[in-house]
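# Observations on the three-dimensional arrangement
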Amino acid sequence: MRSMKTLKTQKEVVKALGGLRATGELFGIGESAVGNWLYQHGNFPAYTMTVIQQELLSRGMSADTKLWNFDRKRRKAGAA
(Lines give C-alpha, C1' and ligand atoms only; values in the text may rest on other atoms or scores of the structure.)
Protein backbone atom coordinates (compact mmCIF):
# COMPACT_ATOMS: atom_id res chain seq x y z
CA MET A 1 0.00 0.00 0.00
CA ARG A 2 1.35 3.39 -1.00
CA SER A 3 1.55 6.05 1.71
CA MET A 4 -0.20 9.35 1.22
CA LYS A 5 1.94 12.45 0.84
CA THR A 6 1.16 15.26 3.28
CA LEU A 7 1.72 18.74 1.89
CA LYS A 8 3.21 21.18 4.38
CA THR A 9 2.93 24.57 2.65
CA GLN A 10 0.20 26.53 0.92
CA LYS A 11 2.33 26.78 -2.21
CA GLU A 12 2.61 22.98 -2.37
CA VAL A 13 -1.17 22.69 -2.04
CA VAL A 14 -1.94 25.25 -4.74
CA LYS A 15 0.60 23.65 -7.07
CA ALA A 16 -0.91 20.18 -6.46
CA LEU A 17 -4.36 21.57 -7.28
CA GLY A 18 -3.13 22.93 -10.60
CA GLY A 19 -2.13 26.48 -9.74
CA LEU A 20 -3.85 29.71 -8.74
CA ARG A 21 -6.50 29.59 -11.47
CA ALA A 22 -7.51 25.96 -10.88
CA THR A 23 -7.64 26.49 -7.12
CA GLY A 24 -9.80 29.58 -7.56
CA GLU A 25 -12.17 27.72 -9.86
CA LEU A 26 -12.92 25.27 -7.03
CA PHE A 27 -14.45 28.19 -5.12
CA GLY A 28 -15.69 30.46 -7.90
CA ILE A 29 -13.06 33.10 -7.18
CA GLY A 30 -10.20 34.60 -9.16
CA GLU A 31 -6.49 33.96 -9.06
CA SER A 32 -5.85 37.18 -7.13
CA ALA A 33 -8.06 36.02 -4.25
CA VAL A 34 -6.11 32.78 -4.00
CA GLY A 35 -2.90 34.79 -4.17
CA ASN A 36 -4.13 36.83 -1.22
CA TRP A 37 -4.46 33.65 0.82
CA LEU A 38 -0.84 32.87 0.07
CA TYR A 39 0.83 36.25 0.33
CA GLN A 40 -1.31 38.38 2.64
CA HIS A 41 -3.16 36.11 5.02
CA GLY A 42 -0.67 33.28 5.45
CA ASN A 43 -3.33 30.59 5.62
CA PHE A 44 -6.36 29.22 3.84
CA PRO A 45 -9.82 30.34 4.99
CA ALA A 46 -11.49 27.68 7.13
CA TYR A 47 -14.36 27.21 4.65
CA THR A 48 -11.95 25.83 2.05
CA MET A 49 -10.67 22.88 4.05
CA THR A 50 -13.19 20.20 3.06
CA VAL A 51 -13.02 20.91 -0.67
CA ILE A 52 -9.24 21.17 -0.75
CA GLN A 53 -8.71 18.04 1.31
CA GLN A 54 -11.16 16.08 -0.87
CA GLU A 55 -9.40 17.23 -4.04
CA LEU A 56 -6.01 16.30 -2.63
CA LEU A 57 -7.27 12.94 -1.38
CA SER A 58 -8.42 12.09 -4.90
CA ARG A 59 -4.78 12.68 -5.95
CA GLY A 60 -3.24 10.61 -3.17
CA MET A 61 -2.28 13.60 -1.02
CA SER A 62 -3.45 15.55 1.99
CA ALA A 63 -2.51 18.89 3.53
CA ASP A 64 -1.38 19.70 7.04
CA THR A 65 -4.36 21.16 8.93
CA LYS A 66 -2.11 23.93 10.26
CA LEU A 67 -2.51 25.59 6.85
CA TRP A 68 -6.05 26.71 7.77
CA ASN A 69 -7.15 29.50 10.06
CA PHE A 70 -9.63 28.31 12.65
CA ASP A 71 -8.93 31.14 15.09
CA ARG A 72 -12.14 32.89 16.00
CA LYS A 73 -11.07 36.03 17.77
CA ARG A 74 -13.89 37.71 19.58
CA ARG A 75 -14.12 41.40 20.10
CA LYS A 76 -14.58 42.63 23.63
CA ALA A 77 -17.93 44.18 24.41
CA GLY A 78 -17.91 47.87 23.54
CA ALA A 79 -14.85 47.58 21.27
CA ALA A 80 -15.12 49.30 17.92
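Quick caveat: nothing in here was measured; it's all calculated off a predicted structure.

Turning to the pattern of salt bridges, a few remarks are in order. Applying the stated criterion across every chain yields a total of three salt bridges. A salt bridge links Asp64 to Lys8, with the nearest nitrogen and oxygen atoms 3.9 Å apart. Of this pair, Asp64 sits in the loop between strand E3 (61–63) and strand E4 (68–69) while Lys8 sits in the loop between strand E1 (5–7) and helix H1 (10–16); the two residues are 56 residues apart in sequence, bridging distant segments of the chain. We classify Asp64 as buried; its relative accessible area is 18%. By relative accessible area, Lys8 is classed as exposed at 52%. Measuring nitrogen to oxygen at the nearest pair gives 3.2 Å for the salt bridge that ties Glu55 to Arg59.

At a minimum axis distance of 8 Å, the contact between helix H2 (residues 20–27) and helix H3 (residues 31–41) shows a crossing angle of 100°. Of the possible angle classes, the one that applies to H2 and H3 is roughly perpendicular. Residue-level inspection shows Leu20, Arg21, Thr23, Gly24 and Phe27 of H2 in contact with H3, the latter providing Glu31, Val34, Gly35, Trp37 and Leu38. Here the contact of H2 with H3 is built from residues that sort into five nonpolar, three polar and two charged.

Basis of the calculations
- Residues numbered from 1 in each chain as written.
- Predicted model: local features only at pLDDT ≥ 70, side-chain atom pairs only at ≥ 80, totals over all residues.
- Heavy atoms only, no water.
- Salt bridge = Lys/Arg side-chain N within 4 Å of Asp/Glu carboxyl O.
- Helix = DSSP H or I, 4+ residues; strand = E, 2+ residues; numbered from the N terminus.
- Buried < 20%, exposed > 50% of the residue type's maximum accessible area, 1.4 Å probe, protein only.
- Axes fitted to C-alpha atoms, helices over the stretch in contact; angles between N-to-C directions.
- Parallel < 35°, antiparallel > 145°, perpendicular 65-115°, else oblique.
- Contact = heavy atoms within 4.5 Å.
- Nonpolar A, V, L, I, M, F, W, Y, C, P; charged D, E, K, R; others polar.

Nothing here speaks to function; it is all geometry.
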